[in-house]
Every structure is written in C-alpha cells, then in structure tokens.
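# Examining the three-dimensional arrangement
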Amino acid sequence: MKRRQPIPVDEAIRTVQQYQQHGKIEWIPLKESLNRFIAEDILADHDVPAFDRSPYDGFALRAADTKEASSEHPVDFEVIDHIGAGVVSKKTIGSFQAIRIMTGAKIPDGADVVIMLELTKTFEQDGRPFMSVKRRLKQGDNIARQGEETVKGKVMVKKGTKVTPGVIALLATFGYAVVPVVKKPIIGIISTGTELLQVSDAIVDGKIRNSNLSMVFAQVLEAGGEPLDLGGVSDDFDQSYEAVKAAVSKVDMLITTGGVSVGDFDYLPAIYEKLGAQVLFNKVAMRPGSVTTVAALPSGQLLFGLSGNPAACFVGFELFVQPIINMWGLKKNPYPAFAEAKLTHDFPKANPFTRFVRATLQFTGGQLSATPTGLDKSSAVTSLADANCFIVLPGGSRGFQAGDKVRVLLFQYEGGGSPCWMTN
Ligand code: AMP
Ligand code: MG
C-alpha cells in the first residue's frame, strides 16, 4: 500500500464539507422540537405587543389632567373601571377619570399614560372609588406600544437554528403548534474489531468491551442525528464488507470505528475500494485521529472511517461528523463555539500535527482557563468523561507553556468553576 500523505486538518474539514447534503422538511409537534433544526424561516404572525398594553399594575388616565399635579396639590381621579390582563374595558376615559389596570391589559380608550400603583393614593368618596396623583405625567409614559418588540412578518427564527427553550417560546408565541424541522439524517454505526465484547459481556482475557459504539451513538443523538446501531463485526474482510454494503442502503451516512489503520486486519480501505467509494483522505495531520479516513460513495453518501482508539474516535466525530449533521440541518455555523483560554499546564514537546487535547474549560480568577482532563493518549477512554472542550494546539516547531493563550473548541456547554456572579 502507498504511504499515506497527511493533509492539514482545515483542508480535511473543507474537503468533507464539500459533500454536505441537506435534509428534507417535516412538521412535528412543538413539544417534540427541542434540539431539532428549523427548516424554514419563522415569521411573526402578529405584532408584539399586539395592542398597546400596560407594563405595570397601575392606573390608566389622560396625561393632560395631571398638568397641575404636585406634591402640594394632588389631583384626584374617579376610578371608573378595574381590568386585569386579558380583559378589555368597555369604558372610555374622560377628564379626571382613571381605570385601574393590571400588567398586560390593553390600554383603555381615551387613556394616554399609565401611572404605577405605588405612586398613587386610593380613597373612597360617597361610596365611589378615587385615586390621587402627586406628579405631572408625560403622554405615552408606561405604555408598551403595539409592535415595539417586533412587527408582523419579521423573521423571528432563521432556518437552520437549533431549537432551544427560547426558540420554543417564540414558536409558541407565533402559533406554531406544529413546527417545520429538518428530517434527521439516519447515521449508521458499525464497530469493527475481533477483540470487542458487548457491553453486557463479562470481561474475557485479551478482549475489551465495545465502548465506541455506545459513545458514537450518543454523539449522533446529541448532535441531532438519528443513530442506527448496526452492531459490531469482527476483523474479517467478507463479513465487514457485507455489513458495510448492507448498511449503505439503510442510512444517509455511515460511521465505522476501527479497522482504518494500516495493520494486518484493517480492512476499511479495501472495503471502500471494493464499494467504488472515493477516498477523500486517509490521513490527517492531527493528534489523535490521524488515521481518520473519509470516503464518498457515488450517491454522495459519506462514509466516516473513525479510528478505533476511543479518544481518536471521539475527536474524529466532533471534527468531521458533527458539523456535517449541523449542515444537514441547514445550520450556518457548523461548530458549536470557540473560545480563547489560558493553558494551566505545559506542553513542552513540539508536535508537527495539530493536537486536540480533551480538557475542561473553566471560568476562574476572572478568565477562561483550560485544563487537560487526563491521559492524553489516543487510546485513552478515561479522559473523555470530564472533557467539555478540546484545547487546539496548532502543529509546529514549538511547545506550549502554562499561561499561553490558546483556542478551544467547545463541544458541550457545561463547565466547572465558580459562577461569574460570585466574587471569589
Ligand atoms: P483499530 O483502529 O481497529 O486499529 O483499533 C485501535 C485500538 O482501539 C485498538 O486497541 C482497539 O482494541 C481499540 N478499539 C477498537 N474498536 C473499539 C471499540 N469499539 N471500543 C473500544 N475500543 C476499541
Ligand atoms: Mg481494529
């Protein structure tokens, strides 16, 4: 076999992304839409607020009637109605009249200002309710105007947005009981390796439990894909070939783990060839996961050959598969978030390859810092659980010291450290 030529990470990423595909639209109930990708721009179907309303509990009145009001000369108003949110007063306010109004209620006809309850004094005279005002009010004060938040027809949620609870609030506001979302890509997962046991199996000498299958299944779920567990195959060419071939007709894309290196039982490269898939690259200048291989079938379906090493498999997914799922969902930015953080540890050795070090990003001492989560080997599984980001160390001729500012790629939003509203 030809020696593999590593290509830079950014080139590998760009190459894969040229094969992006987009999902079709489907309509699903609002409550099931969390974490799905919006398939069409969502428009406001009415102004918000839809009518002039009171932002406070208070009294609606005419500002002109308060012209002479001062602390020495309170002006009295007869209270002619009392309305809560959702109720529209049938009365029109005349001079020196007021309507007691609660937050969210529509401003009554004739009124052009609201004064808060706390700034008034109520009393009764001849069995009728009154209130007095000790200050001059400005027309329009304390009225939430129709359309001040948004106007009918404006794009509220862009297509490609991942649905969050905040997006759900908007969808509900604008009447989307069913929501247009992108159909999830079905992503098959096959693990390869004669050494693999099922999760429920007892440990056997020389074998290991299959952790990649469950891990990648969860990564697909979290990223917004529909994982399809196609099980494990042993390191046998025919069995592996048949499994991959059968999988292709059932999925939008396929992930395999293991068997992609140059060892005696690494059959994926030959399987891609036999399937007529075009190998986009088979070595990336990154650590871990340099053996990550991606191929495309004539149908355009992507075949992701991730390393069997758990950490390398994890990195390969986050760098290559996760953005493709986002792009399938029409998302504009295919990666979750980047940040700049201070290293808490030295990385004295230079590495020609770009490194992706599993780490926790924390906000401590008034700034973001990134700490490796443990053994930084591609075979490590124990350093994955605490990681919420990768420290990205560009390849080159120098190492890195504690205190250096580096980029981190976040893949989860949970972090540690003291909350930023605490002072220590
Ligand atoms: P491979 O990429 O097939 O050469 O595998 C590299 C290393 O990862 C080997 O030590 C394998 O035992 C290990 N490995 C492969 N597949 C899995 C898996 N599904 N779960 C956990 N470890 C694996
Ligand atoms: Mg293997």
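The present account deals with the structure reproduced in this document. (Residues numbered from 1 in each chain as written. Chains lettered and ligands numbered in written order. Predicted model: local features only at pLDDT ≥ 70, side-chain atom pairs only at ≥ 80, totals over all residues. Heavy atoms only, no water.)

## Topic: the overall build of the protein
Selection criterion: Helix and strand labels come from DSSP, where a helix needs a run of H or I of at least four residues and a strand needs a run of E of at least two; each type is numbered from the N terminus. Using C-alpha atoms as the atom set, the radius of gyration is obtained and then compared with a globule rule of 2.2 Å times the number of residues to the power 0.38. Burial classes follow relative accessibility: with a 1.4 Å probe on protein chains only, a residue under 20% of its type's maximum area counts as buried, one over 50% as exposed, and anything between as partly exposed. Residue contacts follow a heavy-atom distance rule, with two residues in contact if any of their heavy atoms lie within 4.5 Å. The accessible surface values rely on the Shrake-Rupley method and a 1.4 Å probe; as for residues, cover is taken only from the protein chains in view.
Counting secondary structure elements, the protein contains six helices and 25 strands. Radius of gyration (C-alpha) of the protein: 31 Å, far over the 22 Å computed for a compact globule of 424 residues. Projected onto the principal axes, the alpha-carbon positions of the protein cover approximately 100 × 50 × 40 Å. Expressed as a percentage of its 424 residues, the buried residues of the protein come to 45%. The long-range fraction of contacts in the protein, counting pairs at least 24 apart against all pairs at least 6 apart in sequence, stands at 71%. Split by element, the accessible area of the protein, about 21600 Å² in all, is 51% carbon and sulfur.

## Some words on the packing of aromatic side chains
To be explicit about the condition: Each Phe, Tyr or Trp ring, with Trp reduced to its six-membered ring, pairs with another whose centre is within 6.5 Å; inter-plane angles below 30 degrees give stacked pairs, above 60 give edge-to-face pairs, and intermediate values give tilted ones. Charge-over-ring contacts are defined here by two conditions on Lys NZ or Arg CZ: a distance within 6 Å of the ring centre and an angle within 35 degrees of the ring normal.
Counted according to the given criterion, the structure contains eight aromatic pairs. Seen from their ring centres, F237 and Y241 are 6.1 Å apart, and the 5° between their planes marks the pair as stacked. Linking F237 with Y241, this pair stays in helix α4 (residues 237-248), spanning four residues, or about one helical turn. Ring geometry for F237 versus Y267: centroids 5.8 Å apart, planes at 85°, classification edge-to-face. Linking F237 in helix α4 with Y267 in the loop between β15 (253-257) and α5 (268-275), this pair joins segments that are 30 residues apart in sequence. Put simply, the rings of F237, Y241 and Y267 touch in pairs and so form one group of aromatic residues. It is K274 that lies over the ring of Y241; its NZ or CZ is 4.3 Å from the centre.

## Some remarks on the sheet that holds strand β18 (residues 293-296)
What counts here: In this analysis, strands are considered paired if DSSP registers two or more bridges between them. Axis angles are defined between N-to-C directions and span 0 to 180 degrees, where every axis is a line fitted to C-alpha atoms and, for a helix, only to the segment in contact.
Spatially, the six strands line up as an open sheet ordered β14-β11-β15-β19-β18-β16, and their pairing is mixed. With one partner strand each, in any of the chains shown, β14 (226-233) and β16 (278-281) form the two edges of the open sheet. Along the sheet, successive strands turn relative to each other by an average axial angle of 20°, direction set aside. As judged from the three bridges shared by β16 and β18, these two strands associate in the antiparallel manner. Residue Q278 lies in a different strand from β18, and its bridge partner there is A296. Contacts between helix α1 (residues 9-17) and the sheet are confined to β16, β18 and β19 (302-306), with β16 contributing the most and set at about 145° to the helix. Seen against the sheet, α5 touches β11 (186-192), β15, β16, β18 and β19 and runs at an angle of roughly 170° to β19.

## Some words on the site of ligand 1
Operational definition: We call a residue near a molecule or strand as soon as one heavy atom of that residue lies within 4 Å of the molecule or strand. Counted as a polar contact is a pair of N or O atoms within 3.5 Å, where, for protein atoms, one must be capable of donating a hydrogen and the other of accepting one, and residues adjacent in sequence contribute only when both atoms are in side chains. Gly counts as polar in this scheme, as do all residues outside two lists: the nonpolar Ala, Val, Leu, Ile, Met, Phe, Trp, Tyr, Cys and Pro, and the charged Asp, Glu, Lys and Arg.
Taken together, 17 residues surround ligand 1, and among them E195, N210, S211, G259 and G308 come closest. Here a nitrogen atom of ligand 1 sits 3.1 Å away from a polar atom, N or O, in the main chain of S211. Contacts to ligand 1 include N309, whose backbone N or O atom sits 3.2 Å from an oxygen atom. Relative to its unbound accessible area of 480 Å², ligand 1 is 77% covered by the protein chains. Those elements that provide at least two residues to the shell around ligand 1 are β11 and β13 (208-209). When its residues are assigned to classes, the shell around ligand 1 shows three nonpolar, 11 polar and three charged.

## Here we look at the sheet that holds strand β4 (residues 75-83)
Strand order in the open sheet formed by six strands is β6-β3-β5-β4-β8-β7, and the pairing between neighbours is mixed. The outermost strands of the open sheet, each flanked by one partner alone, are β6 (113-116) and β7 (120-125). In this sheet, neighbouring strand axes are inclined to one another by 40° on average, regardless of whether the strands run parallel or antiparallel. In this sheet, strand β5 (residues 97-101) lies alongside strand β3 (residues 58-61) in antiparallel orientation, the contact comprising three bridges. Residue A60 lies in a different strand from β5, and its bridge partner there is I99.

## As for the pattern of salt bridges
Note the cut-off: A pair is scored as a salt bridge if a Lys or Arg side-chain nitrogen falls within 4 Å of a carboxyl oxygen belonging to Asp or Glu.
Within this structure, the stated rule accounts for six salt bridges. Linking D52 and R145 is a salt bridge whose minimum nitrogen-to-oxygen distance equals 2.7 Å. Of this pair, D52 sits in the loop between β2 (42-43) and β3 while R145 sits in the loop between β8 (128-133) and β9 (155-157); the two residues are 93 residues apart in sequence, bridging distant segments of the chain. Judged by its relative accessible area of 25%, D52 falls in the partly exposed class. Judged by relative accessible area, R145 falls into the partly exposed class, the value being 37%. One salt bridge connects R62 with D65, and the closest N-O pair in it is separated by 3.3 Å. Judged by its relative accessible area of 26%, R62 falls in the partly exposed class. You can call D65 buried: its relative accessible area is 6%.

## Brief notes about a nonpolar patch on the surface
The line we're drawing: Patches here: salt-bridge-free residues with over 30% relative accessible area, like charges joined within 9 Å, nonpolar side chains (Val, Leu, Ile, Met, Phe, Trp, Tyr) joined within 5 Å.
On the surface, I25, W27 and V178 cluster together into a nonpolar patch covering about 290 Å² of accessible area. Residue position: W27 is located in strand β1 (residues 25-29).

## What about the state of the cysteines?
What counts here: In this description, the term disulfide denotes a pair of cysteine sulfurs within 2.5 Å.
Applying the stated criterion across every chain, the model contains zero disulfides. Looking at C313, it has no disulfide partner, and the nearest cysteine sulfur is the one in C389, 19 Å off. Under the relative-accessibility criterion, C313 is labelled buried at 0%.

## Considerations on the environment of E340
Among the structural elements, E340 can be located in strand β20 (residues 337-343). Using a relative accessible area of 47% as the deciding quantity, one classes E340 as partly exposed. Taking the C-alpha atoms as reference points, E340 and V75, separated by 265 residues in sequence, lie 60 Å from one another. Among all residues touching E340, those that are not within four sequence positions of it are L368, K405 and V406.

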